[in-house]
Every structure is written in structure tokens, then in C-alpha cells.
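# Structural overview for review
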Amino acid sequence: MKNYSIALLPGDGIGSEVSAEAVKVVEAAGKCHGFKIEWVEYPFGAAHYNKTGEILPASALDEMGKCDAMLLGAVGDPSVKPGVLERGILLTLRFHFDQYINLRPARSFESVPCPVSLKDGVTIDSVVVRENTEDFYMGIGAVSEDGSFNKPFEAKRGLYNLLGNLEADFGDRFPAALQIGALTRPGIERVTRYAFDLAKKRGENKVTLASKANAVPFLYGFLDDETKRIAKEYPNIELKIQNVDAMCYQLARTPAAYGVILCPNLFGDIVSDLLSALTGGLGLGAGGNIGDKLSMFEPVHGSAPDIAGTGKANPIAAILCAAMMLDHIGESAGAKAVEAAVSSYLAGDASEKPIELGGNANAQTVGDSVARYIS
Ligand code: NAD
Ligand code: IPM
Ligand code: MN
């Protein structure tokens, strides 16, 4: 019997509802496939912050680092200013553990209709490889009441510690905001190699890069050039560079035409929501934040305050995150069992499907049903 220690951060809104179902299904898989999980649960999120003022203490980061992996529901709540919890918890975790890959597979299920018409038998099987530490997520910026800026900044990453000063003046006196992005050769190199290696593993001969060098030439012109340079290491895989606007258009028209999609951080965020919609809903989109230290698995979706507490949350994304997590820690049979259970469940009686997919099953019922399919 193998034992694992998994950090569990349910978070806000539907985060706790969907992660409870993921835990349920992992427990069922453990019983069947001979492993045991010790869940180390953390209370961080809006309720904890509103009560204590604490966001994510350094001591928790140290403790989490000792776990085999982490499962996160979602963070963010209308009672807290946007960014406080999202940057303070989620992005801090990604940066602290240098989780430089955000891997977001998007697969269609035979029994779940795609909102755009796919030719008979055509399926979506693509995966977003999103750079997860740079771009416009550096957190470097300021808002100024009088249009002048003079503020030191620091951005700590696994690869470097960026220090500088944000100095600018619009001349006239009006409120203004500035925020800058950054991309580096080592940052682009590691995610690009990951994407090309993944394409190779999937037996594909193309990687599509979401870019926008025509409008944002310094950042994305550099991205194109650096990506082209690395692509030469893979003579059998073609690099296709596409402007992200055109990519969104083509994704909605011919989603099945895409395999590995390589994205800088911000475009990857947007493209992965679009792909989730194309496979049937945000409640199906799983993802992993992968690095060489602690990796963290969380759905593409957020805390969905509009449906929190109603039972409408679809926990399949969180359950598929748990499958990715099991695969990551080496329990590949358990991971396959969870994936197979989800597919069998979704192929079953339509009225028992999640509410998001037009059925009647609330989050708990979905979790119970998927757990029953585990074998
Ligand atoms: P969201 O993903 O929470 O919700 C978008 C829409 O999709 C909503 O209508 C919601 O009801 C629906 N939806 C999402 N997940 C669903 C599920 N599992 N089942 C059924 N329907 C689902 O995006 P938002 O509304 O922009 O964000 C809400 C909060 O979540 C914000 O505070 C945001 O910052 C945060 N957020 C957190 C994460 C994360 O923790 N990983 C990701 C995205 C957004
Ligand atoms: C996601 C989320 C986060 C992101 C937010 C909450 C900071 O949208 O994980 O997709 O932009 O990465
Ligand atoms: Mn997002």
C-alpha cells in the first residue's frame, strides 16, 4: 500500500463543493488500486481572510512544499477586492513553486454536445500549454492619481529576481495606470520544449503558438523569434504561429483542427476557457500547474459565486484534475480508472448528468455516481 500526502486547498464558492467530490472519487480509486492519501487541508480563501486578515502565510508554503502534490478548488469572492486572493494565493503558489507549465487538456466526450457543429465522428483533443510565470502576470505596475509614476518593483521567480523602477510621466495631470509584461529566453525555452516534447509524445507533427506580434511587437515579436529558434530542435514538428484573435475564430469554427496549443500566460488563460466551452462547459476543464517542485492541480474554472451553494456546480473538472494529479504522483492505474469512470458516467442516463450539461444531478450526486463507476 503506497501512501501520499496531498495538500488540499478547497478555497471559495464552488471550489469547496467540487474539490469534495474530487476527494471522494480519489478515495474510491485508492481503495480499488491500493494507495492511501493523507489530505492536508488548508483554510485559505475569502472567509479566512475576512476573519483573520491572513492570505497565505510563509509557514504554509513551507509545509505544502513537503507534500507530494496539491489539489485546489478555486479562490476569489465578491466580498474581497479582485486580485487580493487570486494573486495572493493562486499566483503566489504558482510563482513560489515555480510551476512554469499550466497544462490544460480539452477533450470532447461522445455524450456531451459541442456548442458548434462538429462533423460526425470528429472530436476535440487538444491541450493548452500555457507559460505560467511571465507575460502580463508579472505584477509590475501602478495606478497614479496625477499621471506620474516613480515606484520600485521586484518580481521573484524561480528563474530570476527582477528588480527595477517604474518611472514615467504623462505630463498632463490626470489619473492613469501602467502595467508591464515581461518574457525571457529561459522562460520561453522551457515551456516551448515542454510543448514540443508533448506533441512528440502525442504523435503529432504540429504545435500552434498563440501570439500577437502585430500589435504587441516587443513582447510577442520576441516570443515568435525565440520559439522559432527552439522549434529547430524538432525537425519533425512544424511550428505554426497564429495571431490569438484568428486562433479564437478558428477554434470556434474548427476546434478539432488543433492539438498542442502553446500560449503566453494571458492568452493561455483566455484560450483555455474557450476550449472548455467547446468541449461542453467550464465544469469539464481540468488543469495542472506543473513544475520541478510541488505541482498543483486545479480546474480551469473559478469559484463561480453566481451558482455557489445551489448544487449546480459540475465537479467533473475537479475530478479530472484529481486524475491528472494521480498520474503525476505515479498512480497511473488510479488516474486511468478515474478518467474511465468519468467517461462511463457521462455516457450514462441523460437525466443523471450534471445540471451544467442539461441533467438533474447536483455536484454531490455527480461525485457519488462517478465514484460508483471506479473499477
Ligand atoms: P468562473 O469560472 O468562476 O465562472 C464563469 C461562469 O462559468 C459562471 O457563470 C459560472 O457559474 C460558470 N461555471 C464555472 N465553473 C462551473 C462549474 N464547475 N459548473 C457549472 N458552471 C460553472 O469565472 P468568474 O465568474 O470570472 O470568476 C469568479 C471568481 O473566481 C473570481 O473571483 C475570479 O477571480 C475567480 N477565479 C478563480 C480561479 C481559480 O482559482 N483557479 C479561476 C478563474 C476565476
Ligand atoms: C485561471 C484564473 C487565474 C488566471 C486568475 C484567477 C488569476 O483565471 O487559473 O485561469 O488568470 O490564471
Ligand atoms: Mn482563467
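Computed from a predicted model, the values in this text were never measured in an experiment.

About the cut-offs
- Residues numbered from 1 in each chain as written.
- Chains lettered and ligands numbered in written order.
- Predicted model: local features only at pLDDT ≥ 70, side-chain atom pairs only at ≥ 80, totals over all residues.
- Heavy atoms only, no water.
- Helix = DSSP H or I, 4+ residues; strand = E, 2+ residues; numbered from the N terminus.
- Rg over C-alpha atoms; globule rule 2.2 N^0.38 Å.
- Buried < 20%, exposed > 50% of the residue type's maximum accessible area, 1.4 Å probe, protein only.
- Contact = heavy atoms within 4.5 Å.
- Areas by Shrake-Rupley, 256 points an atom, 1.4 Å probe, with all protein chains shown as cover.
- Lys, Arg positive; Asp, Glu negative; His and termini not counted.
- Charge placed at Lys NZ, Arg CZ, Asp CG, Glu CD.
- Phe/Tyr/Trp six-rings, centres within 6.5 Å; stacked < 30°, edge-to-face > 60°.
- Lys NZ or Arg CZ within 6 Å of the ring centre and 35° of its normal.
- Near = heavy atom within 4 Å.
- Polar contact = N/O pair within 3.5 Å; in protein donor to acceptor, adjacent residues only side chain to side chain.
- Nonpolar A, V, L, I, M, F, W, Y, C, P; charged D, E, K, R; others polar.
- Domains from an automatic or database assignment.
- Buried area = accessible area lost by both parts, 1.4 Å probe.
- Pairing = 2+ DSSP bridges.
- Axes fitted to C-alpha atoms, helices over the stretch in contact; angles between N-to-C directions.
- Salt bridge = Lys/Arg side-chain N within 4 Å of Asp/Glu carboxyl O.
- Parallel < 35°, antiparallel > 145°, perpendicular 65-115°, else oblique.
- Left-handed = near helix turned anticlockwise from the far one by under 90°.

## Regarding the overall build of the protein
Along its length, the protein carries 11 helices and 14 strands. Against the 2.2 N^0.38 benchmark of 21 Å for 375 residues, the protein shows a C-alpha radius of gyration of 21 Å, consistent with a compact globule. With respect to the principal axes defined by its C-alpha atoms, the protein has extents near 65 × 55 × 40 Å. Here the protein holds 375 residues, and the buried ones make up 53% of them. Long-range contacts, defined here as pairs at least 24 residues apart, represent 75% of the contacts in the protein between residues at least 6 apart. In the form shown here, the protein has an accessible surface area of approximately 16600 Å², with 52% of it arising from carbon and sulfur atoms. Within the protein, the 46 negative side-chain charges are centred at a point lying 4 Å from the centre of the 35 positive side-chain charges.

## Digging into unusual backbone geometry
Of note, the phi angle at Asp-135 is positive, near 65°, even though the residue is not glycine. The backbone of Ala-304 sits at a positive phi, close to 40°, despite the residue not being glycine. With respect to the helices, strands and loops of the structure, Ala-304 is situated in the loop between strand S14 (296–297) and helix H9 (316–329).

## Topic: the packing of aromatic side chains
A complete count under the given rule lists six aromatic pairs for this structure. Plain terms: the ring middles of Tyr-4 and Phe-35 are 6.4 Å apart, the flat faces sit at 75° to each other, and that makes the pair edge-to-face. On the criterion of sequence distance, the pair formed by Tyr-4 in strand S1 (residues 2–11) and Phe-35 in strand S2 (residues 35–41) is long-range, its members being 31 residues apart. With a centroid separation of 5.9 Å and 20° between ring planes, the pair formed by Tyr-42 and Phe-44 is classed as stacked. Like Phe-44, Tyr-42 is buried. Following the ring pairs from residue to residue traces out a cluster consisting of Phe-149, Phe-170 and Phe-174. Note that Arg-157 overlies the ring of Phe-95, its terminal NZ or CZ placed 3.6 Å from the centroid. Note that Lys-206 overlies the ring of Tyr-258, its terminal NZ or CZ placed 5.9 Å from the centroid.

## A word on the site of ligand 1
Residues in close proximity to ligand 1 total 22 residues, the closest being Glu-86, Glu-298, Gly-302, Ala-304 and Asp-306. At a separation of 2.8 Å, an oxygen atom of ligand 1 approaches a polar backbone atom of Val-75. Calculation on ligand 1 without its partners gives an accessible area of 800 Å², and the protein chains cover 69% of this total. When grouped by side-chain class, the residues that make up the shell around ligand 1 number 10 nonpolar, six polar and six charged.

## A few points about the environment of Pro-105
Relative to the helices and strands, Pro-105 resides in strand S4 (residues 101–107). Between the C-alpha atoms of Pro-105 and Gly-76, which are 29 residues apart in sequence, the distance is 23 Å. Setting aside residues up to four positions removed in sequence, Pro-105 forms contacts with Ser-126, Val-127, Ala-286 and Met-324.

## Some remarks on the domain arrangement of the protein
Partitioning the protein into structural domains gives domain 1 (1–103 + 289–375), domain 2 (114–134 + 183–279) and domain 3 (136–181). Inter-centroid distance (C-alpha atoms) of domain 1 to domain 3 is 34 Å. Taken together, the contact pairs four residues of domain 1 with seven residues of domain 3. Across the interface of domain 1 and domain 3, roughly 420 Å² is buried in total on both sides, 56% from carbon and sulfur atoms. Looking only at domain 1, the three residues that lose the most surface to domain 3 are Arg-87, Phe-95 and Asp-98, adding up to 85% of its buried area. For the pair domain 1 and domain 3, the number of links is one residue pair in polar contact (both at pLDDT 80 or more). Across the side of domain 1 that touches domain 3, the residue classes tally to two nonpolar, no polar and two charged.

## Here's the deal with the sheet that holds strand S10 (residues 206–211)
Spatially, 10 strands are ordered S2-S1-S3-S14-S13-S4-S5-S12-S10-S11 in an open sheet, and the strand pairing comes out mixed. Every other strand in the sheet has two partners, leaving S2 and strand S11 (238–243) as the edge strands with one partner each. Where helix H1 (residues 14–33) meets the sheet, its contacts fall on S1, S2 and strand S3 (69–74), and the angle it forms with S2 comes to roughly 155°.

## Some details on the pattern of salt bridges
When their charged atoms lie close together, side chains carrying opposite charge are able to pair. Evaluated as defined, the whole model comprises 14 salt bridges. Among the ionic pairs, Arg-229 bridges to Glu-189, the shortest N-O distance being 3.1 Å. With a gap of 40 residues between them, Arg-229 in helix H6 (residues 217–231) and Glu-189 in helix H5 (residues 185–201) connect regions that are remote in the sequence. Relative accessible area serves as the criterion here: at 19%, Glu-189 is assigned to the buried category. We note a salt bridge from Arg-193 to Glu-233, for which the minimum N-O separation is 2.8 Å. With Arg-193 in helix H5 and Glu-233 in the loop between H6 and S11, this residue pair connects regions lying 40 residues apart in the sequence.

## A closer look at the site of ligand 2
Residues in contact with ligand 2, as listed here, are Glu-86, Leu-90, Arg-94, Arg-104, Arg-130, Tyr-137, Asp-269 and Val-300. One of the side-chain nitrogen or oxygen atoms of Arg-130 is found 2.8 Å away from an oxygen atom of ligand 2. With the chains in place, 78% of the 320 Å² that ligand 2 exposes on its own is no longer accessible. The biggest single contributor to the shell around ligand 2 is helix H4 (residues 84–96), with three residues. Looking at the shell around ligand 2 residue by residue, the class counts come to three nonpolar, no polar and five charged.

## Topic: the packing of H1 against helix H11 (residues 363–373)
Each pair of packed helices can be described by the angle between their axes along with the distance between the axes. Relative to each other, H1 and H11 sit at 15°, their axes nearing to 9 Å. Overall, the two elements H1 and H11 adopt an arrangement that is roughly parallel. In the crossing of H1 with H11, the sense of the turn from one axis to the other is right-handed. Residues Glu-21, Lys-24, Val-25 and Ala-28 of H1 lie in contact with H11, whose contacting residues are Ala-363, Gln-364, Gly-367, Asp-368, Val-370 and Ala-371. The residue inventory of the contact of H1 with H11, partitioned by class, reads five nonpolar, two polar and three charged.

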